2 protein chains.
Amino acid sequence: MVDGKKLKKQIIHIFKKHGLSNKHADIASSAIINAEIVGAHTHGLSRLKMYCDRIKKKVINSKPKIKIKKISQSISHIDANNSIGFVAADIGIKQAIINAKKTGIGLVGIKNSGHYGLSGYYAEQAVKKNLIVLCFTNAPPAVAPHGSRKKLFGTNPICFGSPTSSKTPFILDTSVSEINRGKIRVAAKTGKKIPAGVALDKFGKPTTDAKKALLGVQLPLGGFRGSGLAWMVDILSGVMTGANHGGKVKDPFDDFSGPQNVGHMFLTIKPNLFVGNFNEKIKQNIKRVKGLPKIKGVKEILYPGQNKQKRFKKNVNKKIYIPENIKNDLESLIAS
Amino acid sequence: MVDGKKLKKQIIHIFKKHGLSNKHADIASSAIINAEIVGAHTHGLSRLKMYCDRIKKKVINSKPKIKIKKISQSISHIDANNSIGFVAADIGIKQAIINAKKTGIGLVGIKNSGHYGLSGYYAEQAVKKNLIVLCFTNAPPAVAPHGSRKKLFGTNPICFGSPTSSKTPFILDTSVSEINRGKIRVAAKTGKKIPAGVALDKFGKPTTDAKKALLGVQLPLGGFRGSGLAWMVDILSGVMTGANHGGKVKDPFDDFSGPQNVGHMFLTIKPNLFVGNFNEKIKQNIKRVKGLPKIKGVKEILYPGQNKQKRFKKNVNKKIYIPENIKNDLESLIAS
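Residues numbered from 1 in each chain as written. Chains lettered and ligands numbered in written order. Predicted model: local features only at pLDDT ≥ 70, side-chain atom pairs only at ≥ 80, totals over all residues.

Considerations on the interface of chain B and chain A
- Counting residues at the interface gives 59 residues for chain B, matched by 59 residues for chain A.
- Secondary-structure elements contributing two or more residues to the side of chain B that touches chain A are β2 (75-79), β3 (105-113), β5 (158-162), β6 (170-174), α8 (224-239) and α9 (278-290) of chain B.
- Sorting elements by how many residues they give to the side of chain B that touches chain A places α8(B) first, with 8 residues. (Contact = placed C-beta atoms within 7 Å. Helix = DSSP H or I, 4+ residues; strand = E, 2+ residues; numbered from the N terminus.)

Observations regarding unusual backbone geometry
Residues and elements named next belong to chain A.
- The backbone of Lys 58 sits at a positive phi, close to 60°, despite the residue not being glycine.
- Among the residues examined, Lys 58 registers 13 C-beta atoms within 10 Å and is labelled partly exposed.
- Notably, Asn 130 is not glycine yet its phi reads approximately 60°, a positive angle.
- Here Asn 130 is to be found in the loop between α5 (119-128) and β4 (132-137). (Buried ≥ 20, exposed ≤ 12 C-beta atoms within 10 Å, placed from the backbone.)

A word on the relation of the copies chain B and chain A
- Mapping chain B onto chain A calls for a rotation angle of 180° and an axial translation of 0.0 Å; the resulting RMSD is 0.0 Å. Taken together, the rotation angle and the small translation identify this as a two-fold axis.
- In this assembly the copies share their binding face: 100% of the residues contributing to the interface of chain B also contribute to that of chain A. (Least-squares fit on C-alpha atoms with pLDDT ≥ 70 in both.)

Some words on the sheet that holds β4(A)
- Taken in spatial order, the 7 strands line up as β1-β2-β3-β9-β4-β5-β6 (chain A) in an open sheet, and their pairing is mixed. One side of each edge strand has no neighbouring strand; the edge strands of this open sheet are β1 (67-70) and β6 (170-174) of chain A. When strand polarity is set aside, the average angle formed by the axes of neighbouring strands in this sheet is 10°.
- In the sheet, strand β2 (residues 75-79) of chain A pairs with strand β3 (residues 105-113) of chain A via 5 bridges, with the strands oriented parallel. In the strand pairing of β3(A), A:Asp79 is matched with A:Lys111.
- Set on the sheet, α8(B) makes contact with β5 (158-162) and β6 of chain A; between it and β6(A) the angle comes to about 135°. (Pairing = 2+ DSSP bridges. Axes fitted to C-alpha atoms, helices over the stretch in contact; angles between N-to-C directions.)

Considering the nonpolar core
- In terms of nonpolar packing, the biggest core is built from 189 residues, with A:Ala28, A:Val133, B:Ala28 and B:Val133 touching the most fellow members.
- With residues up to four places along the chain from it excluded, the contact list for B:Ala28 reads B:Phe15, B:Leu20, B:Ile84, B:Phe86 and B:Val87. (Core = buried A, V, L, I, M, F, W, Y, C linked by C-beta atoms within 7 Å.)

Details of the packing of helix α2 (residues 22-37) of chain A against helix α4 (residues 85-103) of chain A
All names here are of chain A.
- Between α2 and α4, the shortest axis-to-axis distance is 9 Å and the interhelical angle comes to 95°. Our classification of the angle between α2 and α4 gives roughly perpendicular. For the pair α2 and α4, contact is made by His 24, Ile 27, Ala 28 and Ala 31 and by Phe 86, Val 87 and Asp 90, respectively.
- For the contact of α2 with α4, the residue count by class is 5 nonpolar, 1 polar and 1 charged. (Parallel < 35°, antiparallel > 145°, perpendicular 65-115°, else oblique. Nonpolar A, V, L, I, M, F, W, Y, C, P; charged D, E, K, R; others polar.)

As structure tokens, then:
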């Protein structure tokens, strides 16, 4: 267990040792700590060594010259120059916020970026500025297109955020695979079976064996539906922005042959463009859903983002648990 | 079997008899005929009597004064004055196309509308003008929010369109329920079971009995994922536009107590905002996915919209089959 502030200082120290500026080290560390606090450990410290390895191998650029091209008052294009993804996304969402505040709608396309952690982390920034937001990013191959037995799409999350009139924002941050890869990993470790219809083995046969699933491919949510949504995300964040797409985004853990060239697309909209009382309306909307009769065993109907906010509040002032292997990574990164 | 052109004339005649202008009757008839041609019979002739009944009961306004409010060069708000949904959506998508052609991005929110048929029909209009498009619409309660045993969200489709560099547009038009209501209806008629996990009976218990499912609720795609997506669509098309939302959109078949007040949101984007060679890139993208090894039994990996386009080509010059009950509706509407 480590104190969050102390841990953040350590991570900043590590990133600076790897050549990141004070500012970029701070942005990246904040995103990693936030992922740990909200319990998204797959997007936090477990990736720190990978980021550092990529910086060392020069497939993440520690001194990027990030270019922001203004297309219009509403629209910007960012070439992140292979920066660490956190920094590209942070600059991107801030630009999208500026654009929407100015014109009512903001659109920012980003190319030459990398894995940026949790989409919801950026969506939250926009919602805190009282904006509706959509975040799209592509990712390395993980999901087989509908009809195929080979992975090509990333888990390509769709992330939507909205103000709620309360302090807990509505943040939907969902991958388009049937289940999260993390769940398959846990099942493989504990020797449990995974549900039917969520994965294929390496020969393209349906499997409920978690270990075989990890060697095979994940299936998209609802067959053609999830496959289509993953494809949509690839078009918006990859094809449109000039980033890699169509299965060409490199795996950050395994492929050091070049930068990932992940693409992101952020859309921001003022919620009160059409109605004066958005806050009142969204409050009513949420109240109606929450007031519905519940399925047996369900205590409360939650909107997306509520659970994460609960975890954040619970953990923000607590010490952060670090597994043994990551502790070793951390120590060697500090010592190196 | 009826000739498509003759049938269209009949439908125009019927709508005009019910007070629609030449232009509005033509728009509505074209949408209905298109649904029949692409095989979406649930969105075609089977709804004609309902539309006419709603006009008669004055819950669809046959002579709407549709107001288009310009918020900016990119953004418009439409009050459809309870027009038939087809007309509101047709005006909406045309405005969204104009806005995007002018500024690179168009956003149109529509309130006081009704059921507009297939989202893909409007998305196609934008794609044919070489635009990327997202269409959202809410709908009467059909899907239970995650954790609830009562329906509140509509099937709230997400529709995304993109140019493909070929004549067949990429049109993803997917509801966010586990399976289409139509499939449950067919299962009920043929006495077949429905898959587990797609519906609850009227007591909130999971059921595989199609008849019980029809009296109960449909479940959202992937639990919280589909529920969150349906909620997102309700916020974008309902809460933001000033339309009904949170389960208040009226069922067009059963509830004649007032206009439906459905809301729509259309977003249009120039595909070449950030890259000069979008066409080449999307062509490559599609080629890569289509070239993947296939699951046994799959002949071709299709992108969303290809199947529909195939049906369109096959049927466009064929006569249209009309079931007996709809034939009776049609005859009595013509005679009345």
